[in-house]
Amino acid sequence: MSQVDLHIHTTASDGRLNPPDVVRLAASRGLRVIAITDHDSVAGIAPALDAARNFPRLRVIPGLEMSTNVPKAEIHILGYFVDHHHPELLAILERLRTSREKRAQKMIQKLGGMGIHIKWDRVRELAGDGSVGRPHIARAMLELGCISSFSEAFAQYIGRNGPAYVEQEKLTPGEAIRLITKAGGVAVLAHPANIGRLEEFLTRFKEEGLAGMEVYYDGYPPEVVKQLLMLSHKYELLPCGGSDYHGFGKDNETPLGEAEVPLECAEQLIAMAGAQRWELTQIQ
Ligand code: AMP
Ligand code: ZN
Ligand code: FE
Ligand code: FE
């Protein structure tokens, strides 16, 4: 059990627990620092910060996880300490939210063509106030009974190469890194172990303002963690990490707070955000 978890989803995107429940769970597990990192959304931040007032021993970092595109692959960029009222950030997130809805409707249409008739209204309902994602479609499919497990939806239909997959409108990693930085945040590369030609990307992203990368992530085995830690040193990126908690108890889900992230990582992240904010105020 770690004291830190810097990668957590809530009902503001595709997590099961609402932000106050995530905060309560983290506090009950004795965590010291957590970050709320919903997909393309900052809507969970205010309620999480509110709830955190009842738990002075727990620090909640406002964050988000942006989906970005490079040719033939998807890269996720985490943003910590973003100003969740930043007008440009909010305008772009609003656009992404709408395009996520259109994309989900297209996937539903494709599924319909394959004889699987799930309803958009139900998917929207499952997503609640949050940004719609493929997990909501998978849950609607499960309810319908056309698949027997959550992962089957991805394996057979809506996974990246699946017949019902539709590409989402996304920023490039550089655009996300710059946007996060502009909104006062620290940009961190999410789950990098599966990225091909990683070092080329690291060189480029670093020039674009990337400040850290996940090293202690979900189920990464010790040899992967070791390799990523080496790369984080080589490219002078802050090592970060977390469970990528969604709360749905998928087969091998890492429980909240169990990604073994050193407390020192959170401390360095907090210090870096403070220093960056100071620099930003000097420039403006
Ligand atoms: P989206 O943001 O709509 O592209 O959906 C991405 C989310 O779907 C990820 O954050 C995961 O929560 C989930 N996901 C993606 N691939 C899989 C998979 N193979 N099995 C289960 N969940 C997945
Ligand atoms: Zn997710
Ligand atoms: Fe991700
Ligand atoms: Fe995530």
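What you are looking at is a predicted structure, and each value in this text was computed from that prediction instead of being measured.

Definitions and limits used
- Residues numbered from 1 in each chain as written.
- Chains lettered and ligands numbered in written order.
- Predicted model: local features only at pLDDT ≥ 70, side-chain atom pairs only at ≥ 80, totals over all residues.
- Heavy atoms only, no water.
- Donors = N, O, S within 2.8 Å, 3.2 Å for Na, K, Ca; no water.
- Helix = DSSP H or I, 4+ residues; strand = E, 2+ residues; numbered from the N terminus.
- Buried < 20%, exposed > 50% of the residue type's maximum accessible area, 1.4 Å probe, protein only.
- Tetrahedral: all angles 85-135°; square planar, octahedral: opposite > 155°, others 65-115°.
- Near = heavy atom within 4 Å.
- Polar contact = N/O pair within 3.5 Å; in protein donor to acceptor, adjacent residues only side chain to side chain.
- Areas by Shrake-Rupley, 256 points an atom, 1.4 Å probe, with all protein chains shown as cover.
- Core = buried A, V, L, I, M, F, W, Y, C linked by side-chain atoms within 4.5 Å.
- Contact = heavy atoms within 4.5 Å.

(A) Layout of the coordination of the iron ion (ligand 3). Distances from the iron ion (ligand 3) to its protein donors, Glu65 (OE), His76 (ND1) and His191 (NE2), fall within 2.1 to 2.2 Å. Within one chain, the residues serving as donors to the iron ion (ligand 3) are arranged as E-x10-H-x114-H. A spacing of 3.4 Å is found between the iron ion (ligand 3) and the iron ion (ligand 4), which share Glu65 as a donor. With His76 in strand E4 (residues 73-80) and His191 in the loop between strand E5 (186-189) and helix H8 (198-208), this residue pair connects regions lying 115 residues apart in the sequence. Just as His76 is buried, His191 falls in that class too.

(B) Focus on the coordination of the iron ion (ligand 4). Those donors, His7 (NE2), His9 (NE2), Glu65 (OE) and Asp244 (OD), are the protein atoms that reach the iron ion (ligand 4), and they lie 2.1 to 2.2 Å from it. In this structure, the iron ion (ligand 4) is surrounded by four donor atoms whose angles at the metal cover 79 to 165°, and the resulting shape is irregular. Positions of the donor residues of the iron ion (ligand 4) along the chain correspond to the pattern H-x1-H-x55-E-x178-D. Separating the iron ion (ligand 4) from the zinc ion (ligand 2) is a gap of 4.9 Å.

(C) Representation of the site of ligand 1 within the structure. In the vicinity of ligand 1, the residues found are Asp14, His39, Arg100, Arg103, Gly133, Arg134, Pro135, Phe150, Phe154 and His246. Separating an oxygen atom of ligand 1 from a side-chain N or O atom of Asp14 is a distance of 3.3 Å. The backbone of Arg134 places a nitrogen or oxygen atom 2.8 Å from an oxygen atom of ligand 1. Here ligand 1 loses 74% of its free accessible area of 500 Å² to cover by the protein chains.

(D) Local environment of the nonpolar core. Leu6, Met66, Tyr80, Leu189 and Leu202 are the most contacted members of the largest nonpolar core, which totals 56 residues. Aside from chain neighbours lying at most four places away, what touches Leu6 is Val33, Ala35, Thr37, Ile61, Tyr80, Cys240, Gly241, Gly242 and Leu269. Counting 20 residues, the second-largest nonpolar core is a separate cluster that includes Leu111, Val123, Ile137 and Ile147.

What is shown is where atoms sit, not what they do.
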